[in-house]
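Coordinate analysis (summary)
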Amino acid sequence: MCGIIGYAGAKQAAPILLKGLETLEYRGYDSAGMAVMSDGVINIQKCRGRLAALAEKTDHGQSMQGSVGIGHTRWATHGEPSDKNSHPHFSQNEQFAVVHNGIIENYQELKERLERYGYTFQSETDTEVIAHLVEYCDCGDLIRTVSKVLQRIEGSYALGVLSTREPECLVAVRKDSPLVVCRDDEAGYIASDIPALLPYSRDMYLMEDNEIVALTPGKINFYNIDARPIEKEIYHVDWDVSAAEKGGYEHFMLKEIYEQPQALQSTIQSRIRGDRIQFDGIDYTSSWVEQLTGVHIIACGSAYHAGLVGRYMIETTLQRPVNVEIASEFRYRNPIVDERQLVIAVSQSGETADTLAALREAKRRGARTLAIVNVVGSSLAREAHDVIYTWAGPEISVATTKGYTTQLLALELVAVYLGQQSGRLSQSAADALIEAICAVPELAQSALVDIAPIQQMAARHFNAKDVFYIGRGIDYASSQEASLKLKEISYIHSEGIAAGELKHGTISLIEDGSLVIGLLTQPKLREKVISNLAEVKTRGATVIAVTSMEDAKLNALADEVILIPETNPLLIPVLSVIPLQLFAYYISVYNGRDVDKPRNLAKSVTVE
Ligand code: F6R
């Protein structure tokens, strides 16, 4: 996720900005930059790569004179990581400089309008639109200018803005993207999160949506969206720095579990246009989609599990066979793939060696390829014919959580898109799916409101020896993901099994004390799974049921029930996995494991 830092005071700004950016490094980034006001002129220095490159370019900040400035670490969303796409961005007349964290949803429309007014763009970013818009809206007063800009932009943002007309002033604002402000005796500071500001103060102002702050040396003033002054309360921070980096959470995994509602919102935002799904840069013609004979989904690990769910989604809407395959198998199997098939590679990192090799194999055989990835500009994103970013933000914990659920939602968007383009999905069915998709972030939020029962459940089962997750249909796919989550971070043996397969072998493992977690989210398969749970219960297993529909029969059978919100059966895997991520997380914690860095695992598997 991008990081913002800003300073308005009496000291040299650039070294302070560099130090702040270093503290924000853990958020993940691919480029960095700074803008410093120097004798009424804005000096911008920026480059792709690590902060060390920016430090070297600016002689550790010494070559940028000036005491008011903004800095940025960029995690690419629009446009690949490059010098020109790095922030800050200049307005056309170079009188304004802007840093931005978030996504401007209506940037395309604004860009076209600004181009008609004669503005030219140097980058592929959504942020540059804001810089030009600030110039376009300029009324001579930076607060009122920013307030006008806010009336025109849609999406999520934290912004820092400099203006040569007010060289002592730094203005910042936020909506759906974090921004904190503090001061010490001589200066004011802004940052994307608290750790970057802890060296200066423990008393913070936490900006709320559409609140504007103006920093001048020795003064901080707050305004509402209409540029009217407001008062803000101080929030005193009493955590240590390492907890603060994790936003107060004990581990990145827990933080990332909690980030899911926001990440899911980012995945869908700007892709739902009226009653249709659209992806920038992707234009499959109806006749091309209509002639497809099938789809392959290739991926590894959790991304493969997302693909297993994706099969149900795409087969429902496109009504063509979908083959889901582990990339390391696909690449060596002599797969039957040709130009009448679409191959979708799913990957959080976009660098997984097997997935990349499988994609190359599919291309070699003539298929059109689509990458669903999180990391912008990654190898898969560059090599596939088309790319859809999940926009989950950087994932630091090795075990994926928000990376996985955003893949599920992206696959559902693709499913609706293909169904609409092929003409095989009726508008009423598309409307129902789109409505359900839009509701997912809020439902995910509701699944996170009261997690104490899950934590207590983990406390009761943390020393289990074997845990079996069972389900049918789409719940079988979710069972495999839930099982992987548990085993990889707790080191407890676990399997995800198709409930109907139990009696073909695995049931011989069930004995007193075995833990069986049954997923029952699909109305038409519910009774079948209840019967399978009864079979393990009579053999001594403890049964936990995960369902959105409680009833007396299930309550009598299950030892414990996890209730999840109801939604369309195709989307329920996004919600059913959340309590199971938490269950795995707490079991790992109670076993004293290294939750964020489990043994033998790497975040990005770039070797075969
Ligand atoms: C499990 C996990 C892995 C990854 C797999 C693929 O929690 O994170 O199974 O899903 O290594 O990684 P990406 O998605 O980066 O291709």
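Above this note sits the structure.
A few words now on the sheet that holds strand β24 (residues 493–498). Read across the sheet, five strands follow the order β24-β23-β25-β26-β27 without closing on themselves; strand pairing throughout is parallel. The sheet is open, and its two borders are formed by β24 and β27 (560–563), each paired with just one other strand. Within the sheet, the average angular offset between the axes of one strand and its neighbour, ignoring direction, is 20°. Summarising the sheet, strand β25 (residues 515–520) and strand β26 (residues 542–547) pair through six bridges and their orientation is parallel. Looking at β26, one finds that L519 is bridged to V546.

What follows covers the sheet that holds strand β6 (residues 96–104). Spatial ordering of the open sheet is given by β5-β6-β7-β8-β12-β13-β14, a layout of seven strands whose pairing is antiparallel. A strand with exactly one partner marks an edge of an open sheet, and here the two such strands are β5 (89–90) and β14 (229–230). The pairing of β5 with β6 spans two bridges and is antiparallel. Each bridged residue has a counterpart across the sheet, and for H89 the counterpart in β6 is V98.

Right, let's talk about the packing of helix α3 (residues 107–116) against helix α4 (residues 127–137) for a bit. Close contact between α3 and α4 brings their axes to 10 Å; oriented N to C, the two are set at 50°. When the interaxial angle is binned, α3 and α4 end up oblique. When you trace α3 past α4, the crossing you get is left-handed. Side by side, α3 and α4 meet where Y107, L110, K111 and L114 of the first sit next to V129, H132, L133 and Y136 of the second. Among the residues forming the contact of α3 with α4, the class breakdown is six nonpolar, one polar and one charged.

Next up on the list: the site of the ligand. Every one of the 14 residues lining the ligand counts as a neighbour, but S347, Q348, S349, T352 and E488 are closest to it. T352 has a polar side-chain atom sitting 2.4 Å from an oxygen atom of the ligand. Here an oxygen atom of the ligand and a backbone polar atom of T400 are 3.0 Å apart. For the ligand, the accessible surface in isolation is 400 Å², of which the surrounding protein chains cover 89%.

Our next topic: the packing of aromatic side chains. With the rule as written, the count across this model stands at eleven aromatic pairs. Pairing Y284 with Y417 gives two aromatic rings, centres 5.9 Å apart and planes at 50°, and the pair type is tilted. Of this pair, Y284 sits in the loop between β17 (276–277) and α9 (286–291) while Y417 sits in helix α14 (residues 402–422), placing them 133 residues apart in sequence. Across the pair, exposure class does not vary: Y284 and Y417 are buried alike. Aromatic ring contacts, followed pair by pair, group F279, Y284, W288 and Y417 into a single cluster. A cation sits over an aromatic face here: K111 above F121, 5.1 Å from the ring centre. It is R271 that lies over the ring of W391; its NZ or CZ is 3.9 Å from the centre.

The rules behind each value
Residues numbered from 1 in each chain as written. Predicted model: local features only at pLDDT ≥ 70, side-chain atom pairs only at ≥ 80, totals over all residues. Heavy atoms only, no water. Pairing = 2+ DSSP bridges. Helix = DSSP H or I, 4+ residues; strand = E, 2+ residues; numbered from the N terminus. Axes fitted to C-alpha atoms, helices over the stretch in contact; angles between N-to-C directions. Parallel < 35°, antiparallel > 145°, perpendicular 65-115°, else oblique. Left-handed = near helix turned anticlockwise from the far one by under 90°. Contact = heavy atoms within 4.5 Å. Nonpolar A, V, L, I, M, F, W, Y, C, P; charged D, E, K, R; others polar. Near = heavy atom within 4 Å. Polar contact = N/O pair within 3.5 Å; in protein donor to acceptor, adjacent residues only side chain to side chain. Areas by Shrake-Rupley, 256 points an atom, 1.4 Å probe, with all protein chains shown as cover. Phe/Tyr/Trp six-rings, centres within 6.5 Å; stacked < 30°, edge-to-face > 60°. Buried < 20%, exposed > 50% of the residue type's maximum accessible area, 1.4 Å probe, protein only. Lys NZ or Arg CZ within 6 Å of the ring centre and 35° of its normal.

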